[in-house]
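For reference, the chains in residue letters:
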Amino acid sequence: MSAITYKPELENISRGENRLHYIDSAKGIGILLVIIGHHLLGAEWIVDWIYSFHMPLFFVITGVLTGCHEDKRSTKQLLYKKAKSLMYPYVTFSLLNLIWYLLYYVALSFEPEESLSVVIIKMITTYGYQALWFLPAMFFASIIAKQTGEGKYRWLLGSIYMLTGCLLAVLIENVQMASVYRHALIYIGRICIGVTFIYIGSFWHRIVVHLNQPKQWIVLAIAGGISCFG
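The paragraphs below set out a description of the structure included in this document. (Residues numbered from 1 in each chain as written. Predicted model: local features only at pLDDT ≥ 70, side-chain atom pairs only at ≥ 80, totals over all residues. Heavy atoms only, no water.)

### A closer look at the nonpolar core
Next, step 1: Counting residues in each nonpolar core, the largest one holds 31 residues, and the members touching the most others are F59, F134, M138 and V195.
Next, step 2: Within the residue set of this core, elements represented by two or more residues are α3 (54-67), α4 (75-107), α5 (116-124), α6 (134-148) and α8 (179-208).
Next, step 3: In terms of residues, this core owes the most to one element, α6, which gives eight residues.
Next, step 4: Contacts of F134, omitting those with residues within four sequence positions, involve M55, F58 and F59. (Core = buried A, V, L, I, M, F, W, Y, C linked by side-chain atoms within 4.5 Å. Buried < 20%, exposed > 50% of the residue type's maximum accessible area, 1.4 Å probe, protein only. Helix = DSSP H or I, 4+ residues; strand = E, 2+ residues; numbered from the N terminus. Contact = heavy atoms within 4.5 Å.)

Shown next, in the form of structure tokens:
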């Protein structure tokens, strides 16, 4: 842990003192919303509302936590840490998903949603099968955000990433293309939008770190209200 130098106002965060409790709350709420969003039936408007922000929330949280300390690790060390925390679970759960696929669809002769080759290709390319897309997207977005987020042009870069992600989304929805190109653009778009939300989280932290805890909760409540009606 010597590679991480905590800022004075958060120097005791690892011991629970001055802990950002709203981050714990936000992560817990986000996890619950992910579960609800994938299992709630018969209430599409609620699902659409949850889907509008529940994944971006985790990227924002990553940005907030990135802003809590100055990371002095080299790119190699950072890659190792992120690979261990994000790509290792991705590989593990992808293999478990593949085993489940073989048992459920092949051994029990159920009609599969996608062919076995498609499942394997998505797994190998880190496009991600089903909800597993999130882990590689977070991995690449975190690396890019860290490497490009320290300079004076970070907000310009953040705007470019956001604009790129939005343009790709429009392109995907309105232009007919081969599935391989469609998946490639979706993949790039996920990462671009992810980087943007990490920047937003880092910027948000720069604001609230100067506020006392009651004011932090007020700012969080306002942000939540905007999300509810956004």
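### Describing the side chain of K82
Next, step 1: The topology assignment puts K82 in helix α4.
Next, step 2: Setting aside chain neighbours within four positions, we find K82 in contact with M87, F139, S142 and I143.

### What about the state of the cysteines?
Next, step 1: Tallied over the full model, the rule gives zero disulfides.
Next, step 2: C192 supplies the cysteine sulfur nearest to C166, a cysteine that is in no disulfide, at a spacing of 9.9 Å.
Next, step 3: For C166, a relative accessible area of 38% translates into the label partly exposed. (Disulfide = S-S within 2.5 Å.)

### So, unusual backbone geometry
Next, step 1: You will see that T126, though not glycine, has its phi angle at about 65°, which is positive.
Next, step 2: Secondary-structure assignment places T126 in the loop between α5 and α6.
Next, step 3: Since its relative accessible area comes to 14%, T126 is described here as buried.
Next, step 4: Residues other than glycine seldom take positive phi values, yet Q130 does so here, at roughly 60°.
Next, step 5: You can see Q130 is positioned in the loop between α5 and α6.

### Side note on the environment of K84
Next, step 1: Note on placement: K84 falls in helix α4.
Next, step 2: Between the alpha carbons of K84 and F139 there is a distance of 9.9 Å; along the sequence they are 55 residues apart.

### Focus: the packing of α6 against α8
Next, step 1: Interhelical geometry of α6 versus α8 gives an angle of 50° and a closest axis separation of 8 Å. What the angle tells us is that α6 and α8 run oblique. Crossing hand, α6 versus α8: right-handed. Within the contact between the two elements, α6 uses P136, A137, M138, F140, A141, S142, I144, A145 and T148 and α8 uses Y187, R190, I191, G194, V195, I198 and Y199.
Next, step 2: In terms of residue class, the contact of α6 with α8 is built from 12 nonpolar, three polar and one charged. (Axes fitted to C-alpha atoms, helices over the stretch in contact; angles between N-to-C directions. Parallel < 35°, antiparallel > 145°, perpendicular 65-115°, else oblique. Left-handed = near helix turned anticlockwise from the far one by under 90°. Nonpolar A, V, L, I, M, F, W, Y, C, P; charged D, E, K, R; others polar.)

### What to know about the packing of aromatic side chains
Next, step 1: One pass over the full model with this rule turns up seven aromatic pairs.
Next, step 2: Their ring planes at 25° and their centres at 6.5 Å tell us that Y127 and Y187 sit as a pair that is stacked. Residue Y127 is located in the loop between α5 and α6, and its partner Y187 is located in helix α8; the two are separated by 60 residues in the primary sequence. For the pair Y127 and Y187, one class covers both residues: buried.
Next, step 3: Taken together, a centroid distance of 6.4 Å and an interplanar angle of 50° make the contact between Y161 and Y199 tilted. Taken together, the positions of Y161 in helix α7 (residues 154-174) and Y199 in helix α8 put the pair 38 residues apart, joining distant regions of the chain.
Next, step 4: Using a relative accessible area of 18% as the deciding quantity, one classes Y161 as buried.
Next, step 5: Assessed through its relative accessible area of 5%, Y199 is described here as buried.
Next, step 6: Three or more aromatic residues joined by ring pairs make a cluster, and in this case those are F58, F59, W133 and F134. (Phe/Tyr/Trp six-rings, centres within 6.5 Å; stacked < 30°, edge-to-face > 60°.)

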